[in-house]
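Each chain, letter by letter, is given below.
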Amino acid sequence: MDLLEKSLMQFVPVESPCHVQLSGGEPTMVPDLIEETAKTLQKKRPHATLGIQTNATLLDRSLVRLFSKYNIQVGVSLDGPPDIQEQLRGNAAATLKGLKLLEAENVPFRVTTVISNRNIDCLDKLVLMLGGFSTARGIGLDLLIHKGNAATSSSVFPATPEQTADGINRMMTAFQMINRNRREKLELREEKTVTNAVRGKSPACFCHAGKGESLAVCPDGSLYPCSQTACDPRFFMGTLDNPNIVPAGLLREFALSTEDCGDCPLSGQCPGDCYSRQYFNHGENRELICTLYQTLFKLIRD
Ligand code: SF4
């Protein structure tokens, strides 16, 4: 817990808004640390929020009650309905059991889905499946990043722009169908992003890391701009004992160029893409984020 206390002391003034996100690996492998983190935050930064990103395969009733007790925001990595989840991440039955436990204990959760050629056709089925969970709150879409398993896979690739537009259109139809009868609507994070952009409320950056407002702290105390860049020497920012915090900008050199935006209706209001995704993907498939935003823009406008 030294790591958390040291991080808070060094980088988070007592009254500043702050969110702590536990990710991995798989953070539910160490439930004691989750509770310790929650207790330390309550004591040292009572205004802070706490979130966890999990594959949900290790959830049991006590863990889910822990989430509820400390108001921990739950994100589940889920790439599709069970057959697709099984192919892409494995252990789908355990993940589904975890979702059912969250539902049974009335714990809200959101889903993060990595879009690829393997699941783009069944995003609508994912929405229909989540419609069966009253505590599901929404989905966030991440475009595939060429790192980890994705960098070496011979069968998982970025979806094409055509597949992406078609998949998103069908997904949004499923959202409409499901939300007709739901008290708590299921949301698509990117629809909100585009709606905000249309209303002129778009953030200047894709994420907090792009503005230098986030920090990933690894178990060995090394520091990086965000969890995506963690452990990549290119982004090393020292250690907790010897930090070398570069002002916002370490990631900015990888920002999506807006020179080619032409007459895109989102031009000037677009949050662009994840900077580290641009870096790891060497700028390839940059049009996919545009396809995603522009497809949603057309649906919102019409
Ligand atoms: S959606 Fe693409 S083309 Fe449109 S403003 Fe954003 S980056 Fe530029």
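Here the structure is a predicted model, which is why all the values come from computation and not from measurement.

Here we come to the nonpolar core. Grouped together as the largest cluster of nonpolar side chains are 60 residues, with contacts concentrated most on Phe67, Leu102, Phe109, Leu130, Ile139 and Met171. Two domains each provide a minimum of three residues to this core, namely domain 1 (2-198) and domain 2 (209-301). With residues up to four places along the chain from it excluded, the contact list for Phe109 reads Val74, Val76, Leu99, Leu102, Leu130, Phe133, Thr135, Ala136, Arg137 and Gly138.

Moving on to the environment of Thr112. Along the chain, the position of Thr112 falls in strand β4 (residues 109-115). Looking at Thr112, the relative accessible area reads 17%, which means it is buried. Between the C-alpha atoms of Thr112 and Thr54, which are 58 residues apart in sequence, the distance is 9.7 Å. Among all residues touching Thr112, those that are not within four sequence positions of it are Gln53, Val76, Ser77, Leu78, Asp79, Gly140 and Asp142.

What follows is about the packing of aromatic side chains. Tallied over the full model, the rule gives 5 aromatic pairs. Ring geometry for Phe235 and Phe280: centres 6.5 Å apart, planes at 55°, overall tilted. Here Phe235 is found in the loop between β8 (223-224) and α10 (275-280), whereas its partner Phe280 is found in helix α10, with 45 residues between them in sequence. You can call Phe235 buried: its relative accessible area is 0%. Judged by centre distance (4.8 Å) and plane angle (65°), the rings of Tyr279 and Phe280 are edge-to-face. Phe280 sits in the buried class, given a relative accessible area of 11%. Ring-pair connections join several aromatic residues into one group, and the members of that group are Phe235, Tyr279 and Phe280. Over the face of the ring belonging to Phe235 we find Arg234, whose NZ or CZ atom lies 5.5 Å from the ring centre.

Next up on the list: the domain arrangement of the protein. Segmentation of the protein into domains returns domain 1 (2-198) and domain 2 (209-301). If you average the C-alpha positions of domain 1 and of domain 2, the two centres end up 19 Å apart. Listed as interface residues are 30 residues of domain 1 and, on the opposing side, 30 residues of domain 2. Overall, the association of domain 1 and domain 2 removes approximately 2,600 Å² of surface from exposure, summing both partners, and the carbon and sulfur fraction of that is 73%. Three residues, Leu143, Ile145 and Val194, lead the burial of domain 1 against domain 2; their summed loss comes to 21% of the area buried on that side. Joining domain 1 to domain 2, the criterion identifies 1 salt bridge. Where domain 1 packs against domain 2, one counts 2 residue pairs in polar contact (both at pLDDT 80 or more). Within the residue set of the side of domain 1 that touches domain 2, elements represented by two or more residues are α1 (2-11), β5 (136-143), α8 (161-179) and α9 (189-198).

The next thing to look at is the pairing of strand β3 (residues 73-77). Where burial is concerned, most of β3 is hidden: 4 out of the 5 residues are buried. Sheet analysis places β3 next to β4, joined by 4 bridges and oriented parallel. Bridge pairing in β4 links Ser77 to Thr112.

In terms of burial, β4 is a largely internal element, 5 of the 7 residues being buried. Between the parallel elements β4 and β5, the chain passes through helix α6 (residues 123-130) in a crossover that is right-handed.

For the rest of this paragraph, the subject is a nonpolar patch on the surface. Together, Met29, Val30, Leu33 and Leu58 make up a nonpolar patch on the protein surface, roughly 370 Å² of accessible area in all. Turning to its location among the elements, Leu58 is positioned in the loop between β2 (49-54) and α3 (61-69). Residue classification places Leu58 among the partly exposed residues on the basis of a relative accessible area of 41%.

Now for the pattern of salt bridges. This structure, assessed with the given rule, holds 14 salt bridges. Across the pair Lys6 and Asp241 runs a salt bridge, and its minimum N-O distance is 2.9 Å. One end of the pair, Lys6, is in helix α1; the other, Asp241, is in the loop between β8 and α10, and 235 residues separate them in sequence. According to the relative accessible area criterion, Lys6 is partly exposed, its value standing at 33%. Asp241 sits in the exposed class, given a relative accessible area of 62%. Here Arg170 ties to Asp121 by a salt bridge, and the two come within 3.7 Å at their closest N and O atoms. One end of the pair, Arg170, is in helix α8; the other, Asp121, is in the loop between β4 and α6, and 49 residues separate them in sequence. Relative accessible area serves as the criterion here: at 31%, Arg170 is assigned to the partly exposed category.

Conventions and cut-offs
- Residues numbered from 1 in each chain as written.
- Predicted model: local features only at pLDDT ≥ 70, side-chain atom pairs only at ≥ 80, totals over all residues.
- Heavy atoms only, no water.
- Core = buried A, V, L, I, M, F, W, Y, C linked by side-chain atoms within 4.5 Å.
- Buried < 20%, exposed > 50% of the residue type's maximum accessible area, 1.4 Å probe, protein only.
- Domains from an automatic or database assignment.
- Contact = heavy atoms within 4.5 Å.
- Helix = DSSP H or I, 4+ residues; strand = E, 2+ residues; numbered from the N terminus.
- Phe/Tyr/Trp six-rings, centres within 6.5 Å; stacked < 30°, edge-to-face > 60°.
- Lys NZ or Arg CZ within 6 Å of the ring centre and 35° of its normal.
- Buried area = accessible area lost by both parts, 1.4 Å probe.
- Salt bridge = Lys/Arg side-chain N within 4 Å of Asp/Glu carboxyl O.
- Polar contact = N/O pair within 3.5 Å; in protein donor to acceptor, adjacent residues only side chain to side chain.
- Pairing = 2+ DSSP bridges.
- Right-handed = clockwise from strand over helix to strand, strands pointing away.
- Patch = residues over 30% accessible without salt bridge, like charges linked within 9 Å, V, L, I, M, F, W, Y side chains within 5 Å.
- Areas by Shrake-Rupley, 256 points an atom, 1.4 Å probe, with all protein chains shown as cover.

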